[in-house]
Number of protein chains: 2
Amino acid sequence: MKALAEPRGAAGVRRRLSEVIGAAAKVFAKRGYHGASTQDIADVLGIRQASLYYYFDSKEAALEAVCREGHEAYVERLLQIARSDATSSEKVAQVLLHHAAPERLDFTLVFLRERRFLPGPARRRIRALELRYERAIQRIVEQGIRSGEFRSDLDARMTTLALLGLGNSAAAWYGREADVTPERMLRAYIDLLVRALGVRH
Amino acid sequence: MKALAEPRGAAGVRRRLSEVIGAAAKVFAKRGYHGASTQDIADVLGIRQASLYYYFDSKEAALEAVCREGHEAYVERLLQIARSDATSSEKVAQVLLHHAAPERLDFTLVFLRERRFLPGPARRRIRALELRYERAIQRIVEQGIRSGEFRSDLDARMTTLALLGLGNSAAAWYGREADVTPERMLRAYIDLLVRALGVRH
DNA sequence: CCTCTTTTCTATTGTGCTATAGAATCGAGT
DNA sequence: ACTCGATTCTATAGCACAATAGAAAAGAGG
């Protein structure tokens, strides 16, 4: 009893897989990896629990797919920002905006909270993606320091982690209180960060 | 077959309960609430799984106890800081130091990550504690703004959340990389925060 | 309409986990 | 030594879940 029959061309295959991964992301984000059952995921898709195993060998494989798909889009977009010719402050602002964007929030939250439950090999694979991301941000910070736009006494590594930490905490906050909108939060965070990093005039 | 027989006076009762809660905190922090079994907790204590139910009515009750015990100590210490006659900047620094102190890290991490799995009523009880904590920090920020020590255009609420977010992200980072020590991290974070909040000279 | 591939289904197996019931043991005070 | 409450134990019920096997259905292409 599927909701809607869709034409299934060579691209439709890929799309369906994305839907399944998206459903897993949604459920893992809501209930946590261990708290979520494969039945929960199947319910979102309107299919039977066992049918999921056509797409994944195991629940853990589903978690890895969510982490990977979520993060790959992230890295790509980040490298775009890094390559642009904006000032370092603008880049920092864009990174924060993008990092804590409320669009693919499910993927972000699963990555943040659940990746640690991946088995060793998978965790190392995901960690490799993560390092690329962190290093790209760190290069933006270092570039800002070299150009004199940021203070010269910054610890670039710690500054990077602070930027990430702020972004992550923003993402974790959405939806908890009505008056804490993403816009208000990100504006304030960007303002704080830019002032903390910039040289004094 | 207990590891060590201890004298069990009127205070020993309380201590034993704390040990049990501490074991739960340790296990929940490591494996996550849903990923941890009551057997895991019993193993840490060297007792049988069923014996835990002498202390708790349910696994959920154990989670609430961990969240409560962890947070009560927090609030207490925070109010001390708030009452002191340090400058606002010093207070902010102390709050961050205390919030991300690596001592009772298990409790902190469980509170951060697992409290959302509490059932409605328990979650509301814990949320009440949380609000006291947030408001106490917010008062410190507001006081700094009023006294002219901090910028007057700060959004006190968002600044509070940023402070908490940085603290939380610091706590979440410990132990992931050797060269990221709590000292280095907290020093950098405090430096960033104080510069972000302070008026320019 | 037939065939082949893709996708979903039914049915089930085995495992691990929370929680309960009631018995045994411990330990302090008398 | 005896008693009584506090603490831990054995044993088990009962459920939820991940995963497998193999049959059915749904499309696409000829």
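Residue indices follow the written sequence of each chain, beginning from 1 at its first position. Labels are handed out in written order, letters beginning with A for the chains and numbers beginning with 1 for the ligands. A pLDDT threshold of at least 70 governs which residues receive local features in this predicted model, and a stricter bar of 80 or more applies before side-chain atom pairs are shown or counted, although totals over entire chains, interfaces and linings include all residues. Calculated side-chain values reflect all of the structure's heavy atoms, with hydrogen atoms and water omitted.

1. Focus: the packing of aromatic side chains
Residues and elements named next belong to chain A.
Piece 1. Paired rings are identified among Phe, Tyr and Trp, the last through its six-membered ring, by centres lying within 6.5 Å, and are further divided according to the angle between planes into stacked (under 30 degrees), edge-to-face (over 60) and tilted (the rest). Applying the stated rule across the entire model yields 6 aromatic pairs over all chains.
Piece 2. Pairing F28 with Y33 gives two aromatic rings, centres 5.3 Å apart and planes at 70°, and the pair type is edge-to-face. As far as burial versus exposure is concerned, F28 and Y33 are alike and both buried.
Piece 3. Note that R176 overlies the ring of W173, its terminal NZ or CZ placed 4.3 Å from the centroid. Residue exposure (1.4 Å probe, protein chains only): buried if accessible area is under 20% of the type maximum, exposed if over 50%, otherwise partly exposed. As a reminder, the over-ring test applies to NZ of lysine and CZ of arginine, requiring each to be within 6 Å of the ring centre and within 35 degrees of the ring normal.

2. Quick word on the nonpolar core
Piece 1. Definition used in this section: a nonpolar core is a set of buried Ala, Val, Leu, Ile, Met, Phe, Trp, Tyr and Cys residues joined via side-chain atoms within 4.5 Å. In this structure, F28 and M185 of chain A together with M185 of chain B are the most contacted members of the largest nonpolar core, which totals 109 residues.
Piece 2. In what follows, residue pairs with any heavy atoms lying within 4.5 Å of each other are defined as contacts. In contact with F28 of chain A, other than residues within four places in its own chain, are Y33, A36, I41, K59, A62, L63, V66, V110 and E114 of chain A.
Piece 3. If you look at the next biggest cluster of nonpolar residues, it comprises 29 residues, including A29, Y33, I47 and C67 of chain B.

3. Quick look at the interface of chain B and chain A
Piece 1. The interface of chain B with chain A comprises 42 residues on the first partner and 42 residues on the second.
Piece 2. In total, about 3,400 Å² of surface goes out of reach between chain B and chain A, with carbon and sulfur atoms giving 52% of it.
Piece 3. Salt bridge, as applied in this entry: a Lys or Arg side-chain nitrogen positioned within 4 Å of an Asp or Glu carboxyl oxygen. Along the contact surface separating chain B from chain A lie 14 salt bridges.
Piece 4. Salt-bridge contacts for E130 of chain A lead to R176 of chain B; the nearest nitrogen and oxygen are separated by 3.0 Å.
Piece 5. Pairs of N or O atoms are called polar contacts if they sit within 3.5 Å, as long as, within protein, a hydrogen donor faces a hydrogen acceptor (for residues adjacent in sequence, only side-chain-to-side-chain pairs). In this assembly, chain B and chain A are joined by 18 residue pairs in polar contact (both at pLDDT 80 or more).
Piece 6. Secondary structure elements follow DSSP: runs of H or I no shorter than four residues count as helices, runs of E no shorter than two count as strands, and numbering proceeds from the N terminus. For the side of chain B that touches chain A, the secondary structure elements donating two or more residues are α1 (10-31), α5 (105-114), α6 (120-146), α7 (156-173) and α8 (182-197) of chain B.
Piece 7. Residues were grouped as follows: Ala, Val, Leu, Ile, Met, Phe, Trp, Tyr, Cys and Pro as nonpolar; Asp, Glu, Lys and Arg as charged; and all remaining residues, including Gly, as polar. Taken together, the residues of the side of chain B that touches chain A break down into 16 nonpolar, 7 polar and 19 charged. Defined in terms of a 1.4 Å probe, buried area is the accessible area two parts forfeit on being brought together, summed over both.

4. A short note on empty space enclosed by the protein
Piece 1. The rule is simple: put a 1 Å grid over the protein atoms alone, call a set of points where a 1.4 Å probe fits but cannot get out a cavity, call an open set with protein on both sides within 12 Å along at least five of seven lines a pocket, and count a residue as lining if it has an atom within 4 Å of a point. Grid points are joined across faces, edges and corners, and a volume is the space filled by probe spheres set on the points. Tallying each qualifying case throughout the model produces 6 cavities of 30 Å³ or more.
Piece 2. One number sums up the size of the largest cavity: a volume of about 110 Å³.
Piece 3. Lining the largest cavity are 18 residues, with E114 and F117 of chain A together with G32, E114 and F117 of chain B positioned closest to its centre.
Piece 4. Sorting the residues of the lining of the largest cavity by element identifies α5 (105-114) of chain A together with α5 of chain B as the ones contributing at least two each.
Piece 5. When grouped by side-chain class, the residues that make up the lining of the largest cavity number 4 nonpolar, 6 polar and 8 charged.

5. Observations concerning the relation of the copies chain B and chain A
Piece 1. The fit set for superposing copies consists of C-alpha atoms from residues with pLDDT of at least 70 in both; the fit itself is least squares. Laying chain B over chain A is done by rotating through 180° and shifting 0.0 Å along the axis; what remains is an RMSD of 0.1 Å. Taken together, the rotation and translation describe the operation of a two-fold axis. Every residue of chain B has its C-alpha some distance from the rotation axis, and the shortest such distance is that of A196 of chain B, at 2.2 Å.
Piece 2. Interface residue correspondence from chain B to chain A reaches 100%, placing this contact among same-surface, isologous pairings.

6. Examining the protein's contact with DNA strand D
Piece 1. Any residue with a non-hydrogen atom lying within 4 Å of a molecule or strand is treated as near it. The environment of DNA strand D is formed by 19 residues, the closest being T38 and Y53 of chain A together with R48, Y54 and Y55 of chain B.
Piece 2. With respect to DNA strand D, the side chain of S51 of chain B contributes an N or O atom lying 2.8 Å from a phosphate oxygen.
Piece 3. Y54 of chain B is positioned such that a nitrogen or oxygen atom in its side chain is 2.4 Å from a phosphate oxygen of DNA strand D.
Piece 4. In the surface near DNA strand D, the residues fall into 9 nonpolar, 5 polar and 5 charged.

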